[in-house]
Amino acid sequence: MIKNWFKSRADIPLIITMLISAFLNGYNIWQDKYANTYYTTAVASMLENFHNFFFASLDSAGSVTVDKPPVVFWLQTASAYIFGLHGWSVILPQALAQVGSVLLVYLLVKPSFGTIAARLAAFAMATTPIAVAVSRTNNIDAMLVFTLLLATWLLFRGIKNSKTGLILAAFAVVGIAFNEKMLQAYMIVPAFGLFYLLASKFNWKRKAVTLAGSAVILLIVSLSWAVVVDSTPADQRPYMGSSGTNSVLNLAFGYNGLSRLTGDRGTGGGRGDQNSEWKQRASTNSSKSNSDQTQTTASSDGTTATVDTGTNNMAAGGFGAGGHMPPGGFGNNGQGGPGGGPGGNSSGGMFGTGEKGPLRLFQSALSGQASWLLPFALIASVGLLASIRRRHMTQKHREVIFWLAWLLPAAAFFSVAGFFHQYYLIMLAPPISALFGAGFVELWKQYRERSNWLSWLLPVAVLATSVFSWFVLQNYNKTIGSGWSIGVLILGIMGTALLVIARLKSEKFTRFAIIASVLAMFIGPVYWALTPITYGLNSMIPQAGPSQFGEGGGGMPGGHFGNRGQSANGQANSQNTGTSTDREHRSSTRFRGMGGPNGSHSLDKKTLSYLQQHNTGETYLFAASNYSTAAPYMIEAGQKVIIMNGFVSSDPVYTVDKIKALVESGQVKYFMINGGGGGRPDSGNSEVTAWIKEHGKLIPTDEWKTTTGEASTDAQASNSGNDKTSSNSIAQDGQGGPGGDERGGSGTLYEITL
């Protein structure tokens, strides 16, 4: 029976596409030790008790939350509870969610546009580069898109079957998505409302009532967690991280809302002065380090490379001047991120997202993430809607309008937004994929009919998409070679020419034309979708593309850190003398495990042993000034640690009185002070830091921290005779990337007893 069902019902190309998606999303994720350290630290805390679980607390003491709602972290915590806390176990829900998104796109497209269109749409979704990249991390967006597609499926089913319950459920699921990433989930609400009004069979009165009820349910579900949290007395819950006012609603509509559009990263909590102070100090540190703390070394290929051993050392200090990440983004004035412009160089815009404008999604900074098939989708929409009439609107027309109502507002937002990351562009993947699949079949039908100007849209769309793919690829000729861009352009021109010939003279070239056209349009996105596996991935700010860690440079502050070749102590790395194959292998693993803007500290067994041996019954092993210092002790060692700052150092999490009370009650006595939350200087509340330094006993470094010499000896002893294993181990421990590996933390340890 099962065999007969499989033969009659199973879509083999869909199954193959889903397996491809599972491979792209899941292969080698076990190499990522911490994933996004910020979020994985929160999962470690949430595993400890229900209080931390419900509020999504960042630390063991329930001091401060992460800067997002808890739903996705609840799922990650469940996965970690079942499989144990590992990088791969917190990534797994997102990897599966992306596979689910591929299936949902197929199910949404098939009823109206047919099996071929659904298969093409599913494959386009599976190979959207940024969708692959973000699903290989524990960032929220892959799960968000899956949730929104699930809501879309419920809406389509509810309207088709005239079932109000399913329609209400669709809006409720969008409310759940709000509790995954707040206002970003509402990007599709206009499309939901418009589609319901156009496609519902109810009369206008019934439509109005149902739509009003849907809005009420949407708000109730969206605000349910926020109301509970904001109604809880502040002294009985964690501080709402990055909110500025300790309010979920301010976090939703401020830092995670309008600030994304305006580019103002202030939280309402007085960060402006700190940002100004940071920029001044960063400028001073940068000028000093650039003037007297660089050295020149010979690289393995005989070229000269500049190795920065000063404050800007990416392997030992973090991002930008002073080893910290600027509040406004990467590089000077917040510009330049991984990937970036031609050859992987820095590009304009905060976090390297390009310059604002109507063509932003086509600029080199963003074009390789989700825009590969956008030209085809837009041109195909013309063909899909060409037959629409006021009194003749089919279900196909309505669904095309729905996908455009999802795509165009989202594209408009990213074209003008001041504060977002490349991986947010996964929001564009479903509508582009659906319009591509549906549009390809429709343009092919119009092409075969040869009736009017519509029959020329297919070759025009193929040519435009192929030329755009060439534009994206040629920016990386120095990194991947010019053969890729030239090959795609030739295939595109061949496919277009054959389509024209077949249109005018003979259809015998049609099959070859379609093969060449499909190859020309998919070579680029498939290559880019493979880069998170072949080139490695920044788990904190994932993006696709070969240049982010390859020889094309990364566009990060200080230049091409992918080839800096430095170890954790800032010295030239002898691995640079290896073969080109070795260098490529290292580049594919180097940045797995990088998780925070000030990097991931490795677990220092000497520090752990010292703190455990000298614990006299305190609840918490120590208090850290930022999450990256605490992370390895919470994630790997399962210890309880207090984190005194949130992601932004301006969060007023602790006061002197609160810290004093913790010490007096015997809950903590050790304090590790270094960079502030989110990689910013100092330690957030300067009064707290000053009090700790004044009342604390400074513990000599050699008593509790593994020195550079000890670390080097241990590494040589454990990895002798196996250079490749050594390379992988360094990468997986969070070393070699921004922030690098700092055993035991880069700061100082104080003991306070009152």
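Let us look at the structure shown here. (Residues numbered from 1 in each chain as written. Predicted model: local features only at pLDDT ≥ 70, side-chain atom pairs only at ≥ 80, totals over all residues. Heavy atoms only, no water.)

1. Here's the deal with helix H6 (residues 87-113)
Here H6 contains 27 residues, and its C-alpha end-to-end distance of 40 Å stays within 8% of the 39 Å for a straight helix at 1.5 Å per residue. Burial analysis of H6 places 20 of its 27 residues in the buried class, the great majority of the element. One or two positions beyond H6, positive phi appears at glycine 114, with a value near 100°. (Helix = DSSP H or I, 4+ residues; strand = E, 2+ residues; numbered from the N terminus. Expected span 1.5 Å × (residues − 1). Buried < 20%, exposed > 50% of the residue type's maximum accessible area, 1.4 Å probe, protein only.)

2. Some remarks on the nonpolar core
With 185 residues, the main nonpolar core has Phe376, Phe414, Met644 and Phe671 as its most contacted residues. Here this core gets 11 residues from one element, more than from any other, and that element is helix H9 (residues 141-160). Those residues in contact with phenylalanine 671, other than ones at most four positions away along the chain, are Ala623, Met644, Ile659, Val663, Ile692, Thr748, Leu749, Tyr750 and Ile752. (Core = buried A, V, L, I, M, F, W, Y, C linked by side-chain atoms within 4.5 Å. Contact = heavy atoms within 4.5 Å.)

3. Overview of the side chain of glutamine 76
Within the secondary structure layout, glutamine 76 lies in helix H5 (residues 71-83). Residue class for glutamine 76 comes out buried when judged on its relative accessible area of 0%. Sequence-distant contacts of glutamine 76, defined by excluding residues within four places in its chain, comprise Val43, Val90, Pro93, Gln94 and Asn138.

4. Notes on the pattern of salt bridges
Scanning the model with the defined rule gives 5 salt bridges in all. Among the ionic pairs, arginine 119 bridges to aspartate 11, the shortest N-O distance being 3.0 Å. Here the residue arginine 119 occupies a position in helix H7 (residues 115-126), and aspartate 11 occupies one in the loop between helix H1 (2-9) and helix H2 (12-26), the gap between them amounting to 108 residues. Since its relative accessible area comes to 28%, arginine 119 is described here as partly exposed. Of the charged contacts in the structure, one is a salt bridge between lysine 181 and aspartate 141, with a shortest N-O distance of 2.8 Å. Pair noted here: lysine 181 is in helix H10 (residues 164-181) and aspartate 141 is in helix H9, with a separation of 40 residues, a long-range link. (Salt bridge = Lys/Arg side-chain N within 4 Å of Asp/Glu carboxyl O.)

5. A closer look at the environment of glycine 357
Following the sequence through the fold, glycine 357 ends up in the loop between strand E2 (304-308) and helix H15 (367-370). Overall, glycine 357 belongs to the buried group, its relative accessible area being 18%. Spatially, the C-alpha atom of glycine 357 lies 5.5 Å from that of serine 415, the residues being 58 residues apart in sequence.

6. With respect to helix H19 (residues 457-474)
Taking 1.5 Å of rise per residue, 18 residues should cover 26 Å, and H19 covers 25 Å from first to last C-alpha, within 8% of that figure. Residues of H19 that are buried include every one of Leu457, Leu458, Pro459, Ala461, Val462, Thr465, Ser466, Phe468, Ser469, Val472 and Leu473, and no others. Tucked inside the fold, the buried residues of H19 contact H15, helix H16 (374-385), helix H18 (429-449), helix H20 (477-480), helix H21 (483-504) and helix H22 (510-534).

7. Details of the packing of H21 against H22
Between H21 and H22, whose axes approach to 8 Å, the crossing angle comes to 150°. If you check the angle between H21 and H22, you find them roughly antiparallel. For H21 against H22, the interelement crossing comes out left-handed. Contact with H21, carried on its side by Trp484, Val488, Leu491, Gly492, Gly495, Thr496, Leu498, Leu499 and Ala502, involves Thr510, Phe512, Ala513, Ile514, Ala516, Ser517, Leu519, Ala520, Ile523 and Tyr527 of H22 and no other residues of that element. Partitioning the contact of H21 with H22 into residue classes produces 14 nonpolar, 5 polar and no charged. (Axes fitted to C-alpha atoms, helices over the stretch in contact; angles between N-to-C directions. Parallel < 35°, antiparallel > 145°, perpendicular 65-115°, else oblique. Left-handed = near helix turned anticlockwise from the far one by under 90°. Nonpolar A, V, L, I, M, F, W, Y, C, P; charged D, E, K, R; others polar.)

8. Observations regarding a nonpolar patch on the surface
The grouping of Ile12, Ile15, Ile16, Leu19 and Ile20 at the surface amounts to a nonpolar patch, some 400 Å² of accessible area in total. Topologically, isoleucine 12 is positioned in helix H2. (Patch = residues over 30% accessible without salt bridge, like charges linked within 9 Å, V, L, I, M, F, W, Y side chains within 5 Å. Areas by Shrake-Rupley, 256 points an atom, 1.4 Å probe, with all protein chains shown as cover.)

9. Thoughts on the side chain of serine 79
You can see serine 79 is positioned in helix H5. Residue classification places serine 79 among the buried residues on the basis of a relative accessible area of 7%.

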